[in-house]
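Close look at the chain arrangement
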Amino acid sequence: MLELQFTKQNRTIKAEPGETIREAAIRSKLSIYPHIFKILNCRGRGLCQSCTIKIVSGHAEPKNEIENQQLAKKLKKNPELRLACQVKVLDNMTVETHV
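The rules behind the values
Residues numbered from 1 in each chain as written. Predicted model: local features only at pLDDT ≥ 70, side-chain atom pairs only at ≥ 80, totals over all residues. Heavy atoms only, no water. Helix = DSSP H or I, 4+ residues; strand = E, 2+ residues; numbered from the N terminus. Rg over C-alpha atoms; globule rule 2.2 N^0.38 Å. Buried < 20%, exposed > 50% of the residue type's maximum accessible area, 1.4 Å probe, protein only. Contact = heavy atoms within 4.5 Å. Areas by Shrake-Rupley, 256 points an atom, 1.4 Å probe, with all protein chains shown as cover. Lys, Arg positive; Asp, Glu negative; His and termini not counted. Charge placed at Lys NZ, Arg CZ, Asp CG, Glu CD. Pairing = 2+ DSSP bridges. Disulfide = S-S within 2.5 Å.

**A look at the overall build of the protein chain**
Broken down by element type, the protein chain carries three helices and five strands. Listing every helix and strand of the protein chain by position from the N terminus yields β-β-α-β-α-α-β-β. Taking 2.2 N^0.38 as the reference for a compact globule, 99 residues should give roughly 13 Å; the C-alpha atoms of the protein chain span a radius of gyration of 12 Å, in line with that estimate. For the protein chain, with 99 residues in total, the buried portion stands at 39%. Put simply, of all contacts in the protein chain between residues at least 6 apart along the chain, 55% involve residues at least 24 apart. Of the roughly 5,800 Å² that the protein chain leaves accessible, carbon and sulfur atoms contribute 51%. Between the mean site of the 17 positive side-chain charges and the mean site of the 10 negative ones, the protein chain shows a separation of 9 Å.

Quick look at the structure:
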């Protein structure tokens, strides 16, 4: 099991290698969604951008096509942004949510 540390929530959770950050957070009852998006989100399909995160430390695969398309404008300002529903856990990570 790997560990995901969420800075804003001040919580560390366990994650299975290969599952997404979103899946691990939901399994651990940790909300990565701001405000109304806890209810109104795309359910992990990478369409709504409501699970935008910043990986502070740890290794992740390069951004996929969905992330590059959905975050195109935001990436110009902050190239470190990712979608929690698309990032697979491969390493212990520190993550900042609601960015």
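Read on for the rest.
**Examining the environment of Ser57**
Of note, Ser57 is situated in strand 3 (residues 52-57). Taking the C-alpha atoms as reference points, Ser57 and Lys14, 43 residues apart in sequence, are found 16 Å from one another.

**Remarks on the pairing of strand 2 (residues 11-15)**
Summarising the sheet, strand 1 (residues 2-6) and strand 2 pair through five bridges and their orientation is antiparallel. Note that in strand 2 the partner of Glu3 across the bridge is Lys14. What sits between the antiparallel neighbours strand 1 and strand 2 is a turn of four residues, in which Asn10 has the positive phi angle 55°.

**Here we look at the state of the cysteines**
Evaluation of the coordinates by the stated rule reveals zero disulfides. With no disulfide of its own, Cys42 has Cys48 as its nearest cysteine by sulfur position, at a separation of 3.7 Å. The exposure class of Cys42 is buried, given its relative accessible area of 8%.

**Some remarks on the pairing of strand 5 (residues 93-97)**
Where burial is concerned, most of strand 5 is hidden: four out of the five residues are buried. The sheet contact formed by strand 1 and strand 5 spans three bridges and is parallel. Paired with Phe6 across the strands is Val95, a residue of strand 5. With four bridges connecting them, strand 3 and strand 5 associate as antiparallel partners. Its bridge partner lying in strand 5, Ile53 is registered against Thr97.

In short, geometric facts, not functional conclusions.
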